[in-house]
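Results of the structural survey
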Amino acid sequence: MWRLLSEAPPFYPDIITSTNKVTTREVVDYMGDRDILSIKDSFANLELQPEGFKRLFQAEWIYHPPVPTPKPVDASWRVIEKEEDFKKWISAHGSEQVIKHTLIERNDVKIFIHENNDGISGFIANLGAGTVGISNVFSNGNTEGDLWSDIVHVVSTVFSDLPMVGYENGDDLTDARSCGWVPLGPLNVWVTKDRL
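Cut-offs and rules
Residues numbered from 1 in each chain as written. Predicted model: local features only at pLDDT ≥ 70, side-chain atom pairs only at ≥ 80, totals over all residues. Heavy atoms only, no water. Pairing = 2+ DSSP bridges. Helix = DSSP H or I, 4+ residues; strand = E, 2+ residues; numbered from the N terminus. Salt bridge = Lys/Arg side-chain N within 4 Å of Asp/Glu carboxyl O. Buried < 20%, exposed > 50% of the residue type's maximum accessible area, 1.4 Å probe, protein only. Phe/Tyr/Trp six-rings, centres within 6.5 Å; stacked < 30°, edge-to-face > 60°. Lys NZ or Arg CZ within 6 Å of the ring centre and 35° of its normal.

Where strand 3 (residues 38–41) meets strand 10 (residues 182–192), four bridges bridge the pair, whose relative direction is antiparallel. When the sheet's bridge partners are listed, Lys40 is paired in strand 10 with Val189. Note that strand 4 (residues 53–64) and strand 10 share ten bridges and pair antiparallel. Counted as the bridge partner of Trp61 is Gly185 from strand 10.

Dropping the structure here:
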């Protein structure tokens, strides 16, 4: 398990499980006397209702194999390097108080933006443990082609020949699967009533 020693930022968990061998009892013991408001149950194997938590949502881990030869995508996709583009992105994503601008200075994290007359789309890709994690996927407009297909090829031009992982639910999961992303298994996010 992984635990923050201070209060988690908005929309982030206090505890994350990193193996499906962790039990509910071990999580409760790990919490100790701290006020834990949210837990990412990475393998959906905990039963936390008796401990005062409610499942906020269930999602599915998804995987895409490496793409050695990425296809060209709409040239409007770009990595954010300027503060003004970052401000556009977080405003469109709705995460002004959550995602910090210092991320654009890191080599292992890339924030991608796509703009056209219809709106803005974007996502974050972060490199770690030989994979690229995809998160914060959103679109309030249209992309040329399919967003999840674009993600695969855009990421593969920056982080070459690496597998990609993320998690989604609902229509986003359906869209990702239609573009070749493979489901790996469920996860749950649990919150106390204070976070609802």
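Turning our eyes to something else, we now look at the pattern of salt bridges. This model, assessed by the stated rule, comprises six salt bridges. Put simply, Arg25 and Asp29 hold a salt bridge, and the shortest N to O gap is 3.4 Å. One end of the pair is Arg25 and the other is Asp29, both in helix 1 (residues 24–31) and four residues apart, which spans about a single turn. In this structure, Lys88 engages Asp85 in a salt bridge whose closest nitrogen and oxygen atoms are separated by 3.8 Å. Taken as a pair, Lys88 and Asp85 lie in helix 2 (residues 83–93) at a separation of three residues, close to a single helical turn. Accessibility expressed as a relative area gives 35% for Lys88, which makes it partly exposed. Each of Arg78, Asp85, Lys88 and Glu115 takes part in one network of salt bridges that share partners.

Positive phi is not limited to glycine here, since Ala129 has a value of about 55°. Looking at Ala129, the relative accessible area reads 82%, which means it is exposed. Unlike most non-glycine residues, Asp161 shows phi in positive territory, near 55°. Among the structural elements, Asp161 can be located in the loop between helix 3 (147–158) and strand 9 (164–168).

Scanning the model with the defined rule gives five aromatic pairs in all. With 5.3 Å between their ring centres and 80° between their planes, Trp61 and Tyr167 make a pair best called edge-to-face. Placement of the pair is Trp61 in strand 4 and Tyr167 in strand 9, with a sequence separation of 106 residues. You can call Tyr167 partly exposed: its relative accessible area is 29%. Consider the rings of Phe112 and Phe123, whose centres lie 4.7 Å apart with planes at 15°: the pair is stacked. Pair noted here: Phe112 is in strand 6 (residues 109–116) and Phe123 is in strand 7 (residues 119–128), with a separation of eleven residues, a long-range link. Phe123 carries the same exposure label as Phe112, and that label is buried. By way of ring pairs, the aromatic residues Trp77, Phe112 and Phe123 are connected into one cluster. Taking the ring centre of Tyr30 as reference, the NZ or CZ of Arg3 above it sits at 5.0 Å.

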